[in-house]
Amino acid sequence: MNSLLAGVVGWPVSHSLSPCMHNFWLHEHEMNGSYVALPVRRSDLSGVLAGLRDAGFSGVNLTLPHKEAAFAIAHRVDPAARATQAANLLLFRDRRFEAHNTDVEGLVLSLKEGLREKKAVGNRRAIVLGAGGAARAAVLACDHLNVQDICILNRTGSRADTLRLAVSGSVRAALNAAPWEAWEALAPETQLLINATSAGLNGTPSPDVRLELLSSDAAVCDLVYNPLETGLLAQARKRGLTTINGLGMLMHQGALAFELLFGARPTVSTALREHLEQALQDGT
Ligand code: NAP
């Protein structure tokens with residue numbers, strides 16, 4: 001049986017909604033467990049992980065800046081972690097570290113939910129803004145959704161190219177990296193835009209792209225969930241485009257992680273969404 005102790009490791013980590021979400025599900029499933037936030041510096045990661053394993057934790061989620069390091073120290077890795085070279089979940093199994101990446105499937109489920117009123121995005125183009133870990137997951141999620149043409153745009157162009165090279169072996173789609181200025185030419189033929197940059201977080205300005213260039217059947221997804229409606233999503237809503245905020249990805253990746261950590265598959269319910277929205281409002 002899985003232990004009922006788990007947590008999220010990051011630096012900083014106090015802003016994380018994961019404890020709120022996992023403890024909601026533990027309560028819902030009448031499990032007498034606990035999921036805690038663990039602030040851990042980069043230099044302390046491996047020692048802390050060994051300590052948590054020895055203390056009987058089932059595993060931990062990883063957030064910035066630990067996803068790549070967690071992947072690197074794992075003894076076993078799942079295909080999504082291998083493709084992204086990053087882990088958002090480490091399970092402690094038989095004293096070994098098992099790396100998973102539920103961000104990819106979490107985003108796939110969120111996009112399917114958000115796009116269900118629309119035609120499939122297959123055979124069409126998606127633009128991913130950003131070149132960090134979230135952008136990696138976004139490229140793979142688009143590929144899982146059978147998008148045929150994925151273009152990565154990043155403020156620092158060389159990082160977009162590095163990301164393209166790193167994931168090109170794992171995707172079937174045509175994958176390109178382009179300079180930020182290519183937006184003007186690419187946008188009119190784009191059906192899905194994903195903001196995987198941290199621009200827009202905590203009310204900072206959203207990425208500088210002109211949404212009026214997108215066609216009226218395009219959808220815009222922002223992985224930032226604080227605030228729930230970023231400047232980018234507000235602009236998209238005013239244009240009448242389909243909008244998908246970052247909470248869906250958070251909840252779906254969390255549900256997959258909860259099942260691996262605690263052995264029960266929780267529901268991504270309206271009650272959970274409202275609980276998390278309230279926590280965001282309260283600044284928890
Ligand atoms: P990261 O590795 O630090 O990458 C940040 C990216 O944002 C880089 O590509 C960076 O570009 C770009 N960027 C930062 N400020 C910018 C600006 N003002 N204009 C344009 N680009 C800018 O971060 P990450 O882990 O990929 O996370 C990115 C975002 O996704 C964060 O807000 C995170 O909260 C969110 N996220 C959400 C979920 C979810 O479940 N909803 C899951 C994971 C991540 P440069 O390369 O030029 O610096």
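(A) Seen up close, the environment of Asp 208. By the element assignment, Asp 208 lies in the loop between strand 10 (190-195) and strand 11 (219-222). The exposure class of Asp 208 is exposed, given its relative accessible area of 68%. Taking C-alpha positions, Asp 208 is 8.8 Å from Leu 232, a pair spaced 24 residues apart along the chain.

(B) Representation of the pattern of salt bridges in the model. What the rule picks out here adds up to 13 salt bridges. Across the salt bridge formed by Lys 67 and Asp 103, the nearest N and O atoms sit 2.8 Å from each other. On the criterion of sequence distance, the pair formed by Lys 67 in helix 3 (residues 67-73) and Asp 103 in helix 5 (residues 103-114) is long-range, its members being 36 residues apart. Given a relative accessible area of 23%, Lys 67 falls into the partly exposed group. On the basis of relative accessibility, which here comes to 10%, the residue Asp 103 falls in the buried class.

(C) Here's a closer look at the packing of aromatic side chains. Inspection of the entire model under this criterion finds three aromatic pairs. Between Phe 92 and Phe 97, the aromatic rings sit 5.4 Å apart at their centres with planes inclined by 55°, giving tilted as the arrangement. By relative accessible area, Phe 97 is classed as buried at 7%. Between Phe 258 and Phe 262, the ring centres sit 4.8 Å apart and the planes meet at 55°, which makes this aromatic pair tilted. Of the two residues, Phe 258 and Phe 262 are both situated in helix 10 (residues 247-262); the distance of four residues between them amounts to about one turn of the helix. Considered together, Phe 258 and Phe 262 belong to a single accessibility category, that of buried residues. Three or more aromatic residues joined by ring pairs make a cluster, and in this case those are Trp 25, Phe 258 and Phe 262.

(D) Spotlight on the nonpolar core. The biggest cluster of nonpolar side chains holds 34 residues, and the ones touching the most others in it are Leu 107, Leu 111, Val 128, Val 139, Cys 142, Ile 150 and Ile 194. The biggest single contributor to this core is helix 6 (residues 133-144), with seven residues. For Val 139, the contacting residues outside a window of four places in its chain are Val 128, Ile 150, Ile 152, Val 167, Val 171 and Leu 175. Residues Ala 6, Tyr 35, Leu 89 and Ala 279 belong to the second largest nonpolar core, which totals 26 residues.

Cut-offs and rules
- Residues numbered from 1 in each chain as written.
- Predicted model: local features only at pLDDT ≥ 70, side-chain atom pairs only at ≥ 80, totals over all residues.
- Heavy atoms only, no water.
- Helix = DSSP H or I, 4+ residues; strand = E, 2+ residues; numbered from the N terminus.
- Buried < 20%, exposed > 50% of the residue type's maximum accessible area, 1.4 Å probe, protein only.
- Salt bridge = Lys/Arg side-chain N within 4 Å of Asp/Glu carboxyl O.
- Phe/Tyr/Trp six-rings, centres within 6.5 Å; stacked < 30°, edge-to-face > 60°.
- Core = buried A, V, L, I, M, F, W, Y, C linked by side-chain atoms within 4.5 Å.
- Contact = heavy atoms within 4.5 Å.

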